[in-house]
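Chain and residue survey
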Amino acid sequence: RCLAKTGLRKLILEVGSSTYCIYLLHILIVPPVLRRIPFENLKYVLSPVMGVVIMMVLIEIGKAISRKLPFGDKLRMLVGLR
């Protein structure tokens, strides 16, 4: 609640509206990327933040691509994007 009252409100709403898509796809995308981080201690501290950042970037790219496709609405619905 405290973060929602700050300038992070828009980011929090965006992550919140994409949680189903993140839930469906994160396990396929994020672990291979995080395995490449060389420092174990750093990995444990940063992996949640990096996972959300990776997924949000990919979600934005997916939204941009799906808007250009004729069947993009159906594709977004299948992966849980709004």
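Description of the structure in this document. This is a predicted model, so every value here is computed, not measured.

Topic: the pattern of salt bridges
Enumeration over the complete set of coordinates arrives at three salt bridges. Salt-bridge contacts for Glu60 lead to Lys63; the nearest nitrogen and oxygen are separated by 3.8 Å. Of the two residues, Glu60 and Lys63 both sit in helix H3 (residues 40-68), three residues apart, roughly one turn of that helix. Of the charged contacts, one joins Asp73 and Arg76 as a salt bridge, the two residues approaching to 2.4 Å between their closest N and O atoms. One end of the pair is Asp73 and the other is Arg76, both in helix H4 (residues 72-79) and three residues apart, which spans about a single turn. Three or more residues joined by partner-sharing salt bridges are found here, namely Glu14, Glu60 and Lys63.

Notes on a nonpolar patch on the surface
The grouping of Val49, Val53, Val57, Leu58, Ile61, Ile65, Leu69, Phe71 and Leu75 at the surface amounts to a nonpolar patch, some 750 Å² of accessible area in total. In terms of residue count, H3 provides more of the nonpolar patch than any other element does, six residues in total. Looking at the secondary structure, you find Val49 in helix H3. For Val49, a relative accessible area of 53% puts it in the exposed group.

Thoughts on helix H2 (residues 19-34)
An ideal rise of 1.5 Å per residue puts 22 Å on 16 residues; H2 reaches only 20 Å between its terminal C-alpha atoms. Approximately 65° is the largest bend angle found in H2, and it occurs at His26. Buried residues of H2: Cys21, Ile22, Val30 and Leu34, and no others.

Quick word on the environment of Ile54
Examined against the element boundaries, Ile54 turns out to sit in helix H3. With relative accessibility at 17%, the residue Ile54 sits in the buried group. It is 9.9 Å that separates the C-alpha atoms of Ile54 and Ile22, two residues lying 32 residues apart in sequence. Excluding residues within four positions of it along the chain, Ile54 makes contact with Ile29 and Val33.

Examining the side chain of Arg76
The exposure class of Arg76 is buried, given its relative accessible area of 15%. Apart from residues lying up to four places away in sequence, Arg76 is in contact with Lys63, Ser66, Arg67 and Leu81.

Focus: the packing of H2 against H3
In the contact formed by H2 and H3, the axes pass within 9 Å of each other and the chain directions differ by 120°. Overall, the two elements H2 and H3 adopt an arrangement that is oblique. As H2 packs across H3, the resulting crossing turns out to be right-handed. Within the contact between the two elements, H2 uses Cys21, Ile22, Leu25, His26, Ile29, Val30, Val33 and Leu34 and H3 uses Lys43, Ser47, Met50, Gly51, Ile54, Met55, Met56, Leu58 and Ile59. When its residues are assigned to classes, the contact of H2 with H3 shows 13 nonpolar, three polar and one charged.

About the criteria used
Residues numbered from 1 in each chain as written. Predicted model: local features only at pLDDT ≥ 70, side-chain atom pairs only at ≥ 80, totals over all residues. Heavy atoms only, no water. Salt bridge = Lys/Arg side-chain N within 4 Å of Asp/Glu carboxyl O. Helix = DSSP H or I, 4+ residues; strand = E, 2+ residues; numbered from the N terminus. Patch = residues over 30% accessible without salt bridge, like charges linked within 9 Å, V, L, I, M, F, W, Y side chains within 5 Å. Areas by Shrake-Rupley, 256 points an atom, 1.4 Å probe, with all protein chains shown as cover. Buried < 20%, exposed > 50% of the residue type's maximum accessible area, 1.4 Å probe, protein only. Expected span 1.5 Å × (residues − 1). Bend = angle between axes of the 7 residues up to and from the residue. Contact = heavy atoms within 4.5 Å. Axes fitted to C-alpha atoms, helices over the stretch in contact; angles between N-to-C directions. Parallel < 35°, antiparallel > 145°, perpendicular 65-115°, else oblique. Left-handed = near helix turned anticlockwise from the far one by under 90°. Nonpolar A, V, L, I, M, F, W, Y, C, P; charged D, E, K, R; others polar.

Read these as spatial facts, not as claims about activity.
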